[in-house]
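Summary of the model geometry
Take a look at the letters that make up each chain.
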Amino acid sequence: MQLKRLATLALAAAVLSGCATQPMAATHKARPAIAVEMGGKVNLRTAQIQLQNDGKARHVAATAEFPYTLTNVAQVPPVTVGGETVQASDIVISDDGNTAVIAHNLAGDKWAGGIQVLDIHDPTAPRVIQQIKFPSMDVNALALQGTTLYFAGAADPDRWYFKSYVGKFDITNPTSGQIGDSLRGLRSHAATSLSLSKGSLYVGVGARDGGVEKLDASTMAGTGFTALDDVRGLAVGAAGTFALAGTTDGTATEGRLKLLGAGDAGINLGDFASAYAKATIEVNADGLAALALSKKGLELRDSGTGALKFALDNPSDSEKEATNGATMDNDLVFTANGGYGFRVLQVLDRTATGDAFAHVVGRHELAGAAYQGQTYSANMVRYRAGHLFVATGVGGVNVYRCTR
């Protein structure tokens, strides 16, 4: 079967049903060159963002009541690997807010990916300090612990003896040899998500017959496997590691939010009908789960009880305005809604539900003079410590600073 792989908006397409393989070491026919380059281009900006009223949403608040200022401080152009322009597929921001890492993959029937490491000590002037290029591998997912970066994705099986893989390296001194030697083959066609918890690395792989691989984060040796069809995302909360699973290319008829290791089937999310579109999960320290459920929109749930705290429909039924990603920190939540741009929500009362829990402040369409007359799609979002990163496909990644 020829595997069709898609970029950010359709990452799950990389995990078609069946054909699961057993984990194996990173043996290879002829290792393709992994290139480590120092530096990279960043276009600095100082454009203050005026949020538009989100007339298609319930719970709308006047933008004048929003106590934050959003400024577009930079655009990071997409990476070119072997003549192919790759697109951002995942973004992580360090807990201290000083480092950001962007992963890239490639749409279509070829494999190519990249990793960019950014210094964001100065939030108004981010710098690309390293670019790692993978001419025969998509990089789909990232996890960062200290200076160790874990990455995972899909590889060209004609160049490697595996399709799904995971690897790691020290971002302070990466070498192509170190990166290549760290690679470990996994079962199924692609890794879609990563999460770290208590010395273990969890990797979401596959669709039908897929699940979550558990590895020792230090040695990368396999220590367990949880069977779960169509794993879309992983996140760590106070209770443990949670997996978001869908219904595409699997046997399940309803999506689930499952705590790994728990005996029950998890929280029923219904069929969020995301097909091969992106769906994401974040869980904060209070146990609030932010679920971007594609055609079903945004849900904020108590990850422990499953209680729905807040829901927000998509602005329209168009797949081009589906909720591709959601991210949160402190009292702010951002969603990526494709051509509609990104939405901004503020949490009002964590003890409440519905309209009293949060409201929509507004949205920002990535179009017009601030974007050189182009219109871009908000494909995913990541927000930490006042840094907002928005992936826009061929438009690269836009970086914003949120201040109060």
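Since the structure is predicted, the reported quantities are computational estimates derived from the model, not experimental observations.

What characterises a pair of aromatic rings is the spacing of the ring centres plus the angle enclosed by the ring planes. Overall, the coordinates contain nine aromatic pairs when judged by the stated rule. On the basis of an interplanar angle of 40° and a centroid distance of 5.3 Å, the ring pair of F66 and Y68 is categorised as tilted. In this structure F66 comes out as buried when scored by relative accessible area, which is 12%. For Y68, a relative accessible area of 15% puts it in the buried group.

Of all eight residues that make up strand β12 (residues 148–155), seven are buried, and the element is covered over most of its length. The sheet contact formed by strand β11 (residues 137–145) and β12 spans eight bridges and is antiparallel. Across the sheet, the residue bridging to M137 is A155, located in β12. Here β12 runs beside strand β13 (residues 164–170); their pairing, made up of seven bridges, is antiparallel. Residue pairing for β13: Y150 is matched across the bridge by K168.

What follows covers the sheet that holds strand β9 (residues 113–119). As summarised here, the arrangement of the five strands in space is β2-β10-β9-β8-β7, forming an open sheet in which the pairing is antiparallel. The sheet terminates laterally at β2 (35–38) and β7 (87–93), the two strands that pair on one side only. Direction aside, neighbouring strands of the sheet carry axes that sit 15° apart on average. The sheet contact formed by strand β8 (residues 99–105) and β9 spans six bridges and is antiparallel. Note on β9: the bridge partner recorded for A100 is L118.

A separate point is the pattern of salt bridges. For the structure on display, the rule yields 13 salt bridges. Of the charged contacts in the structure, one is a salt bridge between E282 and R382, with a shortest N-O distance of 2.8 Å. Remark: R382 occurs in strand β31 (residues 380–384) and E282 occurs in strand β23 (residues 280–283); sequence separation between them is 100 residues. For the pair formed by E282 and R382, the shared burial category is buried. Where E319 meets K295, a salt bridge forms, and the shortest distance between an N and an O atom there is 3.4 Å.

What follows is about the environment of E365. Assignment of secondary structure puts E365 in the loop between β30 (358–364) and β31. By relative accessible area, which is 27% here, E365 ends up partly exposed. For the pair formed by E365 and A378, sequence separation is 13 residues and the distance between their alpha carbons is 8.4 Å. Contacts of E365, omitting those with residues within four sequence positions, involve Q52, G339, Y340, G341 and Y371.

The next subject is the side chain of T392. Tracing the sequence through the fold places T392 in the loop between β32 (387–391) and β33 (397–403). Residue T392 is classed as buried on the basis of its relative accessible area of 3%. Excluding residues that lie within four positions of it along the chain, T392 makes contacts with L366, Y376, S377, N379, V397 and N398.

A word on the nonpolar core. It is characteristic of soluble globular proteins that their nonpolar side chains tend to be buried jointly. Core analysis: the largest hydrophobic core is formed by 21 residues, its most contacted members being I115, F134, L142 and F151. If sequence neighbours within four positions are ignored, I115 has contacts with V101, I102, H104, Q130, Q131, I132, F134, V139, L142, L149, F151 and F169. Among the nonpolar cores identified, the runner-up in size contains 20 residues, and F66, F334, V344 and C402 belong to it.

A few words now on unusual backbone geometry. Note on backbone geometry: most residues besides glycine have negative phi, and most peptide bonds are trans. One non-glycine residue with positive phi stands out, namely K198, at about 50°. Inspection of the secondary structure assignment puts K198 in the loop between β15 (191–197) and β16 (200–205). Owing to a relative accessible area of 85%, K198 belongs among the exposed residues under this scheme. Look at S294: it is not a glycine, yet its phi comes out positive at around 50°. Looking at where S294 falls in the secondary structure, it is placed in the loop between β24 (288–292) and β25 (298–302).

It is worth spelling out the sheet that holds strand β18 (residues 222–227) at this point. Strand pairing in a sheet takes place through backbone hydrogen bonds and is either antiparallel or parallel in direction. One open sheet holds the four strands; their spatial order is β15-β16-β17-β18, and the pairing between them is antiparallel. Looking along the sheet, the strands with just one partner apiece sit at the ends: β15 and β18. Strand after strand, the sheet turns through a mean of 20° between neighbouring axes, direction not considered. Two strands pair when backbone bridges link them, and β16 and strand β17 (residues 211–216) are joined in this way by six bridges, in the antiparallel orientation. If you follow S200 over to β17, its bridge partner there is D216.

For S164, the position within the fold is in strand β13. Judged by its relative accessible area of 0%, S164 is buried. Sequence separation of S164 and S188 is 24 residues, and the distance between their C-alpha atoms is 6.1 Å. Not counting chain neighbours up to four residues away, the residues in contact with S164 comprise G153, R184, G185, L186, R187, S188, H189, A190, A191 and V205.

Moving on: the confidence of the model for the protein. Predicted confidence across the protein gives a mean pLDDT of 87, with 89% of residues reaching 70 or more. When the criterion is pLDDT under 50, residues 1–24 qualifies, and its contacts beyond four places in sequence or with other chains add up to 86 contacts.

Sheet topology places β25 next to strand β26 (residues 308–312); four bridges connect them, and they run antiparallel. Bridged to L300 within β26 is F310. Two successive antiparallel strands, β25 and β26, enclose a turn made up of five residues, where G306 displays a positive phi of approximately 85°.

Reading the values: rules and limits
- Residues numbered from 1 in each chain as written.
- Predicted model: local features only at pLDDT ≥ 70, side-chain atom pairs only at ≥ 80, totals over all residues.
- Heavy atoms only, no water.
- Phe/Tyr/Trp six-rings, centres within 6.5 Å; stacked < 30°, edge-to-face > 60°.
- Buried < 20%, exposed > 50% of the residue type's maximum accessible area, 1.4 Å probe, protein only.
- Helix = DSSP H or I, 4+ residues; strand = E, 2+ residues; numbered from the N terminus.
- Pairing = 2+ DSSP bridges.
- Axes fitted to C-alpha atoms, helices over the stretch in contact; angles between N-to-C directions.
- Salt bridge = Lys/Arg side-chain N within 4 Å of Asp/Glu carboxyl O.
- Contact = heavy atoms within 4.5 Å.
- Core = buried A, V, L, I, M, F, W, Y, C linked by side-chain atoms within 4.5 Å.
- pLDDT = per-residue confidence, 0-100.

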